[in-house]
Every structure is written in structure tokens, then in C-alpha cells.
Amino acid sequence: MADPSSFLAKLVAPRYRHEILEIANSSVDLGDKHVILKKNKANAGKLTQKKLSRREIKELGLYTLPHDTITYRDGLKLHRMWLGYYDTFFPPGECPDVTEARYNTIVASLLKADYHGAKIHIVRSKQPSVVGMKGIVVLDTKGTFKMISKDNKLRTIPKNDSQFEVFLQDKVITIFGKHLNARPAERSVKKMKTFAFPDL
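Residues numbered from 1 in each chain as written. Predicted model: local features only at pLDDT ≥ 70, side-chain atom pairs only at ≥ 80, totals over all residues. Heavy atoms only, no water.

*Asks:* Looking at this structure, how should I read the sheet that holds strand E5 (residues 162–167)?
*Replies:* Taken together, the six strands give an open sheet; going across it, the order is E4-E3-E2-E1-E5-E6, and neighbouring strands pair in antiparallel fashion. Looking along the sheet, the strands with just one partner apiece sit at the ends: strand E4 (154–158) and strand E6 (172–176). The average angle at which neighbouring strand axes cross in this sheet is 40°, direction not considered. Relative to strand E3 (residues 144–148), strand E2 (residues 134–140) is paired through four bridges, and the arrangement is antiparallel. Bridge assignment links Leu 139 to a residue of E3, and that residue is Lys 146. Contacts from helix H5 (residues 72–86) reach strand E1 (119–125), E2, E3, E5 and E6 within the one sheet, and its direction differs from that of E2 by about 75°. (Pairing = 2+ DSSP bridges. Helix = DSSP H or I, 4+ residues; strand = E, 2+ residues; numbered from the N terminus. Axes fitted to C-alpha atoms, helices over the stretch in contact; angles between N-to-C directions. Contact = heavy atoms within 4.5 Å.)

Structure below.
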């Protein structure tokens, strides 16, 4: 039995002290359970978490937007936040000339940027039905922009073979959709060629 005058024993009320001392001196045989726990801990690092396939993601509807729940007013809130993000590329009142050294750096940053919340205008496209449309991007996927227009309709615009104008407060930037043909997370780490001009 443990020493009843020990520090921990004194913290327990005298009438319960004998029970605590008995527990402290008792031993538990772990047997096979201890071995199993050790094996499980060793294998825990080897277990990998299963990711959803593209088909499962589509079936669950994880990246789809309901057509009747998003309004243009919601898009404007997103656009205001996006303007603050875009100011990091273009300091207010500054726009570098093509001959300046930092021009290519800014162009590369624009091609890697996230366009959720951008106001866009489709200038040219091989799909004539989308030419002239304007709206705010609410979903930037690998091959499309989903944008909400002033009539509160959600439209899907293909990036490939399209030319967009992106509206800032005092600037209009022209971007080829072919350069944006990747998900925002992938574009942000991709090395961009700033001199390529796709055919439309």
C-alpha cells in the first residue's frame, strides 16, 4: 500500500483515502490489448484518407450552384471584396507601360489571380450567343466562368476561345480565356507565359 502521508493522499478526504490508495497500488494486465494498440498506432501513419472522385463530386453536387438562389445583389457584395483583392496587383492610380520591367510581373500575377467576384464582359468568343454578355463571376472552374447578370440569371461562359474584359474601378483589362484554363488553385502555382496570344 502507498504511503498515507504522501501529498496526493492528503488531498483526498480521509474516509475515501483507503480506496484511492488501493487503486494506486493495483496493477492491470494489458495482455493482448496492449500489443493491438501498438500495432494500430504503427499503422495509423500508413492509412491514407480516400478522396472523392470527380464522378462522386458531380453526383453529390458539391460544385454546383442552384440557379434560383443567387441574385445580382449577392454578386455585388462579392465584387466589392474582390476589388480589395485586385488592388494588390494594381496600386491605385498606377498602370505600368508595356516597356517597363514590372509589366510582365503584373501580367503573370493577373493570369494567376482568382476571378471569383470579378465583373466581366465577353468581347469575343467562338460561341456567338455569349458575346456581349456582362456579369459578376460567382464560380471559376477549370473550363468555365459561372456569372450572375443584372437580370439575376446564372450563366455558364466557356473560357476557351473567349476574350474577356475585366472591369476595375478605373481600369479595363483584356484577358484571353485560354490563359485561364485551369482551376484557381492550380493557376496560382503554374508558371505562365506572358507572350502567348491564342487564336480566336
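There's plenty left to go through after this.
*Asks:* I tried to follow the packing of aromatic side chains on my own but got confused; where do I start?
*Replies:* Centre-to-centre distance and the angle between the planes together describe a pair of aromatic rings. All told, the structure shown has six aromatic pairs when counted by the stated rule. Through successive ring pairs, a cluster of aromatic residues spans Trp 82, Tyr 85, Tyr 86, Tyr 115, Phe 145 and Phe 164. Just above the ring of Phe 145 sits the side chain of Lys 159; from NZ or CZ to the centre is 5.0 Å. (Phe/Tyr/Trp six-rings, centres within 6.5 Å; stacked < 30°, edge-to-face > 60°. Lys NZ or Arg CZ within 6 Å of the ring centre and 35° of its normal.)

*Asks:* How should I be thinking about the environment of Ile 175 in this particular structure?
*Replies:* The residue Ile 175 is located in strand E6 in this model. Spatially, the C-alpha atoms of Ile 175 and Ser 162 are 8.8 Å apart, while their sequence positions differ by 13 residues. Apart from the residues within four sequence positions on either side, Ile 175 is in contact with Tyr 86, Leu 111, Tyr 115, Ser 162, Gln 163, Phe 164, Val 166 and Leu 180.

*Asks:* Could you clarify how one ought to interpret the pairing of E2 in this entry?
*Replies:* Along any regular strand, the residues point their side chains to alternate faces of the sheet. Among the seven residues in E2, six count as buried, and that is most of the element. Pairing of E1 with E2, which is carried by three bridges, proceeds in the antiparallel orientation. Across the sheet, Lys 119 pairs through a bridge with Ile 136, a residue of E2. A loop of three residues connects E2 with E3, the two strands running antiparallel in sequence. (Buried < 20%, exposed > 50% of the residue type's maximum accessible area, 1.4 Å probe, protein only.)

*Asks:* Before we go on, may I ask you to explain the nonpolar core in this structure?
*Replies:* One broad rule of soluble globular proteins: the nonpolar side chains tend to lie buried together. In this structure, Trp 82, Tyr 86, Tyr 115, Ile 120, Phe 145 and Ile 175 are the most contacted members of the largest nonpolar core, which totals 24 residues. Mapped by element, the contributors of at least two residues to this core are H5, helix H6 (103–112), E1, E3, E5 and E6. No other element matches H6, which puts four residues into this core. When near neighbours in sequence (up to four residues on either side) are disregarded, Phe 145 contacts Tyr 115, Ile 120, Val 137, Leu 139, Asp 140, Arg 155, Thr 156, Ile 157, Lys 159, Phe 164 and Leu 180. The next biggest cluster of nonpolar side chains, apart from the first, holds six residues, and it includes Ile 70, Tyr 72, Val 138 and Leu 154. (Core = buried A, V, L, I, M, F, W, Y, C linked by side-chain atoms within 4.5 Å.)

*Asks:* Would you explain unusual backbone geometry in this entry?
*Replies:* In most cases, non-glycine residues show a negative phi, while peptide bonds are predominantly trans. Positive phi values are uncommon outside glycine, yet Asn 152 reaches one of about 65°. Note that Asn 152 resides in the loop between E3 and E4. Phi at Asp 161 takes a positive value of approximately 60°, unusual for a residue other than glycine.

*Asks:* Explanation requested: the side chain of Lys 159 in the structure shown.
*Replies:* With respect to the helices, strands and loops of the structure, Lys 159 is situated in the loop between E4 and E5. Engagement of the side chain of Lys 159 in a polar contact is seen with the backbone oxygen of Thr 141, the distance being 2.5 Å. (Polar contact = N/O pair within 3.5 Å; in protein donor to acceptor, adjacent residues only side chain to side chain.)

*Asks:* Could you clarify how one ought to interpret the environment of Leu 76 in this entry?
*Replies:* With respect to the element layout, Leu 76 can be found in helix H5. Look at Leu 76 and you get partly exposed, because its relative accessible area is 26%. Counting along the chain gives 41 residues from Leu 76 to Gly 117, while the straight-line C-alpha distance between them is 7.7 Å. Those residues in contact with Leu 76, other than ones at most four positions away along the chain, are Lys 119 and Ile 136.

*Asks:* Would you mind showing me how to read H5 here?
*Replies:* Side chains three or four residues apart in an α-helix point the same way, a direct result of the helix having 3.6 residues per turn. For H5, with 15 residues, the first-to-last C-alpha span of 20 Å sits near the 21 Å given by 1.5 Å per residue. Listed as buried for H5 are Tyr 72, Gly 75, His 79, Trp 82, Leu 83 and Tyr 86. For H5, the angular spread of buried residues about the axis comes to 105°, placing them on one side. Exposed side chains of H5 directed beyond 90 degrees from the buried face belong to Arg 73, Arg 80 and Met 81. Buried residues along H5 sit in contact with H6, E1, E2, E3, E5 and E6. (Expected span 1.5 Å × (residues − 1). Arc of directions from axis to C-beta.)

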